Amino acid sequence: MVVGAQWGDEGKGKIIDYLAKDSDIIVRYQGGNNAGHTVVIGKEEFVFHLIPSGILHKDKLCIIGNGVVVDPGALLEEIETLRKKGVEIDSNLIISEQAHVIFPYHKLLDSLREKRRKIGTTGRGIGPCYADKVGRVGIRIIDLLDEEIFAEKLKLNLEEKNELLRKVYGLKSLSFKQIFKEYRGYAKRIKKYVKDTTLILKEAIKKNKNILFEGAQGTLLDIDFGTYPYVTASNASVGGVCTGTGVSPKDIDKIIGVAKAYTTRVGEGPFPTEFEPHLMEKVRLKGKEFGATTGR
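Throughout what follows, the structure given in this document is the object of discussion. (Residues numbered from 1 in each chain as written. Predicted model: local features only at pLDDT ≥ 70, side-chain atom pairs only at ≥ 80, totals over all residues. Heavy atoms only, no water.)

### Notes on the overall build of the protein
Point 1. Secondary structure summary: the protein contains ten helices and eleven strands in total.
Point 2. Over its C-alpha trace the protein gives a radius of gyration of 19 Å, about what one expects of a compact globule, namely 19 Å for 296 residues.
Point 3. Once the C-alpha set of the protein is aligned to its principal axes, its extents read approximately 50 × 50 × 40 Å.
Point 4. For the protein, the residues scored as buried account for 47% of the 296 residues in total.
Point 5. As presented, the protein carries roughly 15100 Å² of accessible surface, and 52% of it is formed by carbon and sulfur atoms.
Point 6. The distance from the centre of the 47 positive side-chain charges to the centre of the 39 negative ones in the protein is 2 Å. (Helix = DSSP H or I, 4+ residues; strand = E, 2+ residues; numbered from the N terminus. Rg over C-alpha atoms; globule rule 2.2 N^0.38 Å. Buried < 20%, exposed > 50% of the residue type's maximum accessible area, 1.4 Å probe, protein only. Areas by Shrake-Rupley, 256 points an atom, 1.4 Å probe, with all protein chains shown as cover. Lys, Arg positive; Asp, Glu negative; His and termini not counted. Charge placed at Lys NZ, Arg CZ, Asp CG, Glu CD.)

### Comments concerning the pairing of strand β4 (residues 44-48)
Point 1. Inspection of the sheet shows strand β3 (residues 37-41) paired to β4 by five bridges, in the antiparallel sense. Following the sheet pairing, isoleucine 41 is matched in β4 by glutamate 44.
Point 2. Once β3 ends, the chain turns through two residues before running back antiparallel as β4, passing glycine 42 with a positive phi of about 65 degrees. (Pairing = 2+ DSSP bridges.)

### So, empty space enclosed by the protein
Point 1. The final tally for this structure, using the stated rule, is one cavity of 30 Å³ or more.
Point 2. Its boundaries defined by the atoms lining it, the largest cavity holds a volume of some 40 Å³.
Point 3. If you go around the largest cavity, the residues you meet are His100, Val101, Phe103, Tyr105, His106, Cys129, Asp132, Val137, Gly138, Ile139 and Asn157.
Point 4. Listed by contribution, the elements that provide at least two residues to the lining of the largest cavity are β8 (100-101), α3 (104-117) and α4 (126-134).
Point 5. Class assignment for the residues of the lining of the largest cavity results in six nonpolar, four polar and one charged. (1 Å grid on protein atoms, 1.4 Å probe; cavity = no way out; pocket = protein on both sides within 12 Å on 5 of 7 lines; lining within 4 Å. Points joined across faces, edges and corners; volume = space filled by probe spheres on them. Nonpolar A, V, L, I, M, F, W, Y, C, P; charged D, E, K, R; others polar.)

### Points about the environment of phenylalanine 290
Point 1. Note that phenylalanine 290 resides in the segment after α10 (277-286).
Point 2. Its relative accessible area of 42% is what places phenylalanine 290 among the partly exposed residues.
Point 3. Dropping the residues within four chain positions of it, phenylalanine 290 is found in contact with Arg284, Leu285, Gly295 and Arg296. (Contact = heavy atoms within 4.5 Å.)

### Let's talk about the pattern of salt bridges
Point 1. Enumeration according to the criterion identifies 14 salt bridges in this entry.
Point 2. Two residues, lysine 60 and aspartate 59, come together in a salt bridge whose shortest N-O distance is 3.9 Å.
Point 3. Notably, a salt bridge pairs arginine 284 with glutamate 281, separated by 2.7 Å at the nearest N-O pair. A residue pair is termed a helical-turn pair when its members lie 3 or 4 positions apart in one helix, as arginine 284 and glutamate 281 do in helix α10 at three residues.
Point 4. Judged by relative accessible area, which is 27%, arginine 284 ranks as partly exposed. (Salt bridge = Lys/Arg side-chain N within 4 Å of Asp/Glu carboxyl O.)

### Observations regarding α3
Point 1. Here α3 contains 14 residues, and its C-alpha end-to-end distance of 20 Å stays within 8% of the 20 Å for a straight helix at 1.5 Å per residue.
Point 2. Within α3, burial applies to Tyr105, His106, Leu109, Asp110, Leu112 and Glu114.
Point 3. Where α3 is buried, its residues meet β8, α4 and α6 (147-167).
Point 4. A positive backbone phi angle near 55 degrees is found at lysine 118, which sits one or two residues after α3. (Expected span 1.5 Å × (residues − 1).)

Structure (structure tokens):
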């Protein structure tokens, strides 16, 4: 597995791309489209948010694991962008049926809370989606595929979320019909990618396949071991791979931590070794240190 040893943006995408040629399967195990892994081939730049960057290798299977939170709209947009660049998707991509889904209310609540707390989130709804998962009210990919189950779960969630939006933030309620229709549309388009990824990985391990786990963010942004509360909402360190894929720690035989010669961080939080402004600006421009997801 490849994990960031700093606050993210260490160059994991480049390392993953280098190692992918010797791997059979590449797996994302945590985070969501708040991640941004950049791979440059020749003069062409590819930025990945949800899809493992190993997708550029035609004969590799790429898996979005159960520990990832998925914005279906963002995923489909990424698929179309890659498809236009000639990247094979349909036979190479699998999404865990157990992955949780990001909804408009997650993104809205993320932005509203950020205005009050200044954590430095990307506003993509990642934290609120994980909160629903832990609160046992989350909606998973598999739920989207069943019209009745999805309708029932969405109604219950919207009752609670709309009350919060009205009474705490003074905003209008979100429309059940609009969200239901939009996400049922997504379900029809992503259905062909959805499978039991834990079973697929277990079978691959039995066959001695080489599996490469692709971490997002970095260890210092881990929800438990990072600079809390200025962290991401998932376990971005080594431990996240087991809960995010269902793979036993006994099956992981190599861990590669990626660091770079100078440290960067995006968003808020402590940064004790920060350069003086003039040097910071110089290194930022020279190293092209802008977030692949946010541009920050």
